[in-house]
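# Structural overview
For reference, the chains in residue letters:
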Protein chains: 6
Amino acid sequence: MRSHPPDQEHTDDNMLKVEVNLDDTPGEWLGYVMEKLFEAGANDVYYTPIYMKKNRPAVQLQLLCSQQRLEDVKHIILTETTTLGIRYYPITVFRMERRTRVVTTEYGNVTVKEGLQNDIVIKASPEYEDCKQLAETHQVPLKDVYAAVWRILK
Amino acid sequence: MRSHPPDQEHTDDNMLKVEVNLDDTPGEWLGYVMEKLFEAGANDVYYTPIYMKKNRPAVQLQLLCSQQRLEDVKHIILTETTTLGIRYYPITVFRMERRTRVVTTEYGNVTVKEGLQNDIVIKASPEYEDCKQLAETHQVPLKDVYAAVWRILK
Amino acid sequence: MRSHPPDQEHTDDNMLKVEVNLDDTPGEWLGYVMEKLFEAGANDVYYTPIYMKKNRPAVQLQLLCSQQRLEDVKHIILTETTTLGIRYYPITVFRMERRTRVVTTEYGNVTVKEGLQNDIVIKASPEYEDCKQLAETHQVPLKDVYAAVWRILK
Amino acid sequence: MRSHPPDQEHTDDNMLKVEVNLDDTPGEWLGYVMEKLFEAGANDVYYTPIYMKKNRPAVQLQLLCSQQRLEDVKHIILTETTTLGIRYYPITVFRMERRTRVVTTEYGNVTVKEGLQNDIVIKASPEYEDCKQLAETHQVPLKDVYAAVWRILK
Amino acid sequence: MRSHPPDQEHTDDNMLKVEVNLDDTPGEWLGYVMEKLFEAGANDVYYTPIYMKKNRPAVQLQLLCSQQRLEDVKHIILTETTTLGIRYYPITVFRMERRTRVVTTEYGNVTVKEGLQNDIVIKASPEYEDCKQLAETHQVPLKDVYAAVWRILK
Amino acid sequence: MRSHPPDQEHTDDNMLKVEVNLDDTPGEWLGYVMEKLFEAGANDVYYTPIYMKKNRPAVQLQLLCSQQRLEDVKHIILTETTTLGIRYYPITVFRMERRTRVVTTEYGNVTVKEGLQNDIVIKASPEYEDCKQLAETHQVPLKDVYAAVWRILK
Ligand code: NI
Ligand code: NI
Ligand code: NI
Ligand code: NI
Ligand code: NI
Ligand code: NI
Ligand code: NI
Ligand code: NI
Ligand code: NI
Ligand code: NI
Ligand code: NI
Ligand code: NI
């Protein structure tokens, strides 16, 4: 899979969706686990509210990772949460061609991530961290920085 | 407030909505707390999934109770969960005129709770526990028992 | 309250938040009820997923309305859902100064709703229905129409 | 797959579940995307609230479609939302034998969708759109129209 | 699969995730269905709040079961809910080595379920039902019973 | 209100619950807004998933603040999100007597926040940030650090 340039349009076939239901892990730990899972190379980590037996509000942890990452991810889940098992299934991931460029706004430079189809830019997202930093430096609303980028993106 | 017959249409003005956010109470305990709160006379107890700081999936506990019940309810929340506080505000509760009657279906008797406006029945709900018991006794789907009641309710 | 021009900054003090928990109303009906409540003059109607006793996934209906609308709103909830009661509490609503203007994009005209503070426009939202219609007419993505408006809003 | 009469009991093996996580697409656009996806032949489209990194409340879009529809569905998601990728996996769909019939209530005709097992009707759902129209025409609660149908369904 | 001692670390490859979207099943029935599905041998049953078309708050039912249980599970879902179909996909389930032991607290005995990796206990969960019973017998908060167990688990 | 020592049991009567529904603010901005609101002195800030009209998955922002903070909080919400208004209502906040102490575990020191009733400690929560730092320094699971604290708390 890693023979393709990662920013070209391609489909990854060796990905896994991992999931686990948690009804006795405190929410405080779950914020921590998310961090650890990203550090271990999970592509995406997210929580969904669920309802389990015995009137238990609970949380489903889901993440995407390559098969190579499975052991690391499994280790973190098993050591950092209260579950006694995990489950997973293969999932196909399509990724658009993407590239980044930098635009210069009245507040400073912002990296923009672009998505392309047939070599045409069909979407462009200002990088959150850049915008956040400019908003804080210039003491303006975050959305003004985004708006400054959008005006430039034609 | 308790001078009115409880099944007549009336408005209760001494009710409170109590709420607390919980990000470090395991879900297992929350099922238990719900039970205790109903036993203490809360009229309604329910959980809402919320998102708190530091990426914590969490739960908001809410309940309705009369002002007389506040101390008992507060005691349970403070001793059975991890919170260090609770909050509450007054809420007005309108209750329809209600009465119950028993209908005889092909599976047996079911209590039906009726809601009335201007002495006219505008809604009728079969009691869940009755229907459940008949479904189990007769080994039929629960919804067949409800359907049997609905056919009778004209 | 209605002595002020509705688009000036003002605070409405006669508003109510109405809420009801629903664990035996089918979802199909809830879409319908939302429509009826908006037609009756509710300012906002929304649903929140909740968990009720006996492992019941349920829904909380909430809405904002003026005290004058309470009777109509109550009537709809009591006749169209399965609840036997509703509850409500006063809520203060602050509304920014607002005005609308029309901008001309490459796809056509779009009304923009602006919010002002101290006579300065601090936010501007393209009207969804206008953008939707242009997107459909011109067979372009909805977000391209929004982007076209954003470029004009300086 | 399309060699079977679509209303007979059968299992579809060429179906896909498609999903995408969205943390920077405004909710306004998501209502629009749902419409477009249904028009493109998705069998089911739904949203689930999720929590993503950096304290972002977000939404997971999921849908069911046949493999033949994948390209159309992918195109809509990539052009109408902010995501740079989608993911999917095969899913087996079992469909009950189904048929429709029309029942005549005191309010008018309502189509009823029936589900059968071994040629026996085990469930029957009044068509929402029919009931809605009759409720509006006759100015009665929607649930009265459903109740009228239920009384006829024996 | 059943040739392994069930408490040893192992991976089950013949498991299925079953799911169904429900927008017209009342919440009352869903609590009942959960019970029936556990009785039929589902390993896990849970609900997720979802949003379906036409502004319908709805619920996704998901469960894990072995392929041998599929027919029973399918039967319950089709007879007890309003759906006309179900869907499912294979899922791999990893289970840690587990064992139970009993610890004696100041309130009485509590079974503890332990999870092991490489013969080392890496997690230990007091059994909820034991703790609940002791809390009720001794009239102490449930969390005091858990705390009593935790102090013993070194 | 500020005449009491803040760690004694007391009830704050000048608090407000502020809320706003957001259906067109991207999730990315919402993480940012939460941060700003805490910096402005909000006591609690949280998000709840809601469903709004036109099939829009949306988010309700809620927060607690004193009346003195209202103007700052309002300013942030109005400048950083897309809403044209906010709403609020008074809420009574009861706070337990609380104190902190430091315990020395095998991994290092951890601050513990204790809640008292009638001078008796009825709950004790290890500070998350302390535990997190020790877990990272010692390369052990976060829950092992919590467990180390729990063993000491008698
Ligand atoms: Ni790749
Ligand atoms: Ni600068
Ligand atoms: Ni009363
Ligand atoms: Ni019988
Ligand atoms: Ni007004
Ligand atoms: Ni045009
Ligand atoms: Ni088919
Ligand atoms: Ni007619
Ligand atoms: Ni096994
Ligand atoms: Ni004992
Ligand atoms: Ni205070
Ligand atoms: Ni150390």
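Looking up chain A in an unreviewed UniProt entry gives the name DUF111 family protein, with the organism given as Gracilibacillus boraciitolerans JCM 21714.

### Looking at the overall build of chain A
For chain A, the count of helices and strands is four helices and seven strands. Starting at the N terminus and ending at the C terminus, chain A contains elements arranged as β-α-β-β-α-β-β-β-β-α-α. For 154 residues, the compact-globule estimate of 2.2 N^0.38 gives 15 Å, and chain A exceeds it by more than 25% at 19 Å. Taking the principal axes of its C-alpha atoms as reference, chain A extends roughly 55 × 40 × 25 Å. Burial analysis of chain A (154 residues in total) assigns 64% to the buried set. Considering only contacts in chain A between residues 6 or more positions apart, those separated by 24 or more positions represent 55%.

### Digging into the relation of the copies chain C and chain F
Mapping chain C onto chain F calls for a screw motion: a turn of 120° about the axis and a shift of 0.0 Å along it, with 0.0 Å RMSD after fitting. What we have between these two chains is a three-fold relation. Little of the interface of chain C is mirrored in chain F, where only 10% of its interface residues are also at the interface.

### Things to note about the relation of the copies chain E and chain A
With an axial shift of 0.0 Å and an RMSD of 0.0 Å, the rotation relating chain E to chain A amounts to 120°. The fraction of interface residues of chain E whose copies in chain A are also interface residues is only 10%, indicating that the copies meet through different surfaces.

### Some thoughts on the coordination of the nickel ion (ligand 12)
In ideal tetrahedral geometry, four donors around a metal make angles of 109.5 degrees, whereas ideal octahedral geometry with six donors gives angles of 90 or 180 degrees. Residue and element names in this part refer to chain F. Distances from the nickel ion (ligand 12) to its protein donors, Tyr107 (O) and His138 (NE2), fall at 1.8 to 2.7 Å. With a gap of 31 residues between them, Tyr107 in the loop between strand 5 (97-105) and strand 6 (108-117) and His138 in helix 3 (residues 128-138) connect regions that are remote in the sequence. Residue Tyr107 is classed as buried on the basis of its relative accessible area of 16%. For His138, a relative accessible area of 37% gives the class partly exposed.

Calculation rules
- Residues numbered from 1 in each chain as written.
- Chains lettered and ligands numbered in written order.
- Predicted model: local features only at pLDDT ≥ 70, side-chain atom pairs only at ≥ 80, totals over all residues.
- Heavy atoms only, no water.
- Helix = DSSP H or I, 4+ residues; strand = E, 2+ residues; numbered from the N terminus.
- Rg over C-alpha atoms; globule rule 2.2 N^0.38 Å.
- Buried < 20%, exposed > 50% of the residue type's maximum accessible area, 1.4 Å probe, protein only.
- Contact = heavy atoms within 4.5 Å.
- Least-squares fit on C-alpha atoms with pLDDT ≥ 70 in both.
- Donors = N, O, S within 2.8 Å, 3.2 Å for Na, K, Ca; no water.

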